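Letter by letter, the chains look like this.
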Amino acid sequence: MDVDEIRRWDARAVEASKDVVSRVTRGDLQRATPCAQWNLGQLLAHMTVQHRGFAAAAAGSGPDLAHWQPRQAADPVSAYVSAADAVVEAFARRRAPDGAFWLPEISTEFPFPAATAVGFHFLDYVVHSWDVARSLGLNFEPESDMVAAVLPIARLVPDGADRLREGAAFAPGLPADDDSADFGAVLSLLGRSPQWRPETALGRV
């Protein structure tokens, strides 16, 4: 996909994430999530700062790690919605020099092409929408066209020993049918069990 197409998918994924996050109450913030190292409040803080960091990257300021540091918010849901709107707007403007996005949490040695960077963001927010929904005990199933768009990106994420290190973006992939093209395949590729429930409190980011 070119950058404009992936940007449109990303905007739809971010909008869906806002719908899910809007259901979170203050009493939900201590809930377990599929990201074992984070409760729901911590996951929302991560999701919020990632929007801010990607927005900075789109504006050409991504190398500054200050943009990627989570902050406590008095109203985590409002903070999330504000950051979500900001990143969609930033991607639409896309002022990064030569379309290059610096993403220092992934690499400080080189920038990423805009389509690749926005693809990373798209994948994250499809999956994090599911994380939040499952934490709340809700179902989340992206539309089939969105699954078809995000699955090839999930298949490109490297698996292996790096996923075992502390702070790894994803847990090691879980067994899945190579021919499967449903959302469960996306989750399994990224180390999430489609059967995860809050009461099991299993899984990693």
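Please refer to the structure placed before this passage.
Being a predicted model, the structure only gives us computed values, none of them experimental. (Residues numbered from 1 in each chain as written. Predicted model: local features only at pLDDT ≥ 70, side-chain atom pairs only at ≥ 80, totals over all residues. Heavy atoms only, no water.)

Draft legend 1. Region of interest: the overall build of the chain. Summing up its helical and strand segments, the chain has six helices and two strands in all. When the helices and strands of the chain are placed in sequence order, the string is α-α-α-β-β-α-α-α. Relative to the compact-globule value of 17 Å for 205 residues, the chain shows a C-alpha radius of gyration of 16 Å, a close match. Over its C-alpha atoms, taken along the principal directions, the chain stretches across nearly 45 × 45 × 30 Å. Burial statistics for the chain: of 205 residues in total, 46% are counted as buried. (Helix = DSSP H or I, 4+ residues; strand = E, 2+ residues; numbered from the N terminus. Rg over C-alpha atoms; globule rule 2.2 N^0.38 Å. Buried < 20%, exposed > 50% of the residue type's maximum accessible area, 1.4 Å probe, protein only.)

Draft legend 2. Structural detail: the packing of aromatic side chains. Tallied over the full model, the rule gives seven aromatic pairs. Between the aromatic rings of Phe54 and Phe91, the centroid separation amounts to 6.4 Å while the plane-to-plane angle is 85°, which identifies the pairing as edge-to-face. Taken as a pair, Phe54 in helix 2 (residues 40-58) and Phe91 in helix 3 (residues 76-93) lie far apart in primary sequence, 37 residues in all. Owing to a relative accessible area of 3%, Phe54 belongs among the buried residues under this scheme. The class for Phe91 is buried, based on a relative accessible area of 1%. Where Phe91 meets Phe101, the ring centres are 6.0 Å apart and the plane angle is 55°; that geometry is what we call tilted. Residue Phe91 is located in helix 3, and its partner Phe101 is located in strand 1 (residues 100-101); the two are separated by 10 residues in the primary sequence. A connected cluster of aromatic rings, assembled from ring pairs, spans Phe54, Trp68, Phe91 and Phe101. (Phe/Tyr/Trp six-rings, centres within 6.5 Å; stacked < 30°, edge-to-face > 60°.)

Draft legend 3. Up close: the packing of helix 1 (residues 3-21) against helix 5 (residues 144-156). Relative orientation of the contacting elements helix 1 and helix 5 amounts to 115°, with a least axis distance of 11 Å. The interaxial crossing formed by helix 1 with helix 5 has left-handed handedness. Of helix 5, the residues touching helix 1 (which contributes Ile6, Trp9, Arg12 and Ala13) are Asp145, Met146, Ala149 and Ile153. In terms of residue class, the contact of helix 1 with helix 5 is built from six nonpolar, no polar and two charged. (Axes fitted to C-alpha atoms, helices over the stretch in contact; angles between N-to-C directions. Left-handed = near helix turned anticlockwise from the far one by under 90°. Contact = heavy atoms within 4.5 Å. Nonpolar A, V, L, I, M, F, W, Y, C, P; charged D, E, K, R; others polar.)

Draft legend 4. Structural view of the side chain of Asp131. Summarising the element assignment, Asp131 is placed in helix 4 (residues 114-135). A polar contact of 2.9 Å, which involves the side chain of Asp131, links it to the side chain of His128. Side-chain polar atoms of Asp131 contact the side chain of Arg192, separated by 2.8 Å. With residues near it in sequence (within four places) discarded, Asp131 still touches Pro34, Cys35, Leu43 and Arg192. (Polar contact = N/O pair within 3.5 Å; in protein donor to acceptor, adjacent residues only side chain to side chain.)

Draft legend 5. Representation of the nonpolar core in the model. Judged by nonpolar contacts, the single largest core of 56 residues is most densely connected at Phe101, Phe122, Leu123, Val132 and Val186. Elements with a contribution of two residues or more to this core: helix 1, helix 2, helix 3, helix 4, helix 5 and helix 6 (183-189). Here this core takes 11 residues from helix 4, the largest share from any one element. (Core = buried A, V, L, I, M, F, W, Y, C linked by side-chain atoms within 4.5 Å.)

Draft legend 6. Geometry of the environment of Val81. Its place among the elements puts Val81 in helix 3. Relative accessible area serves as the criterion here: at 25%, Val81 is assigned to the partly exposed category. Spatially, the C-alpha atoms of Val81 and His51 are 9.8 Å apart, while their sequence positions differ by 30 residues.

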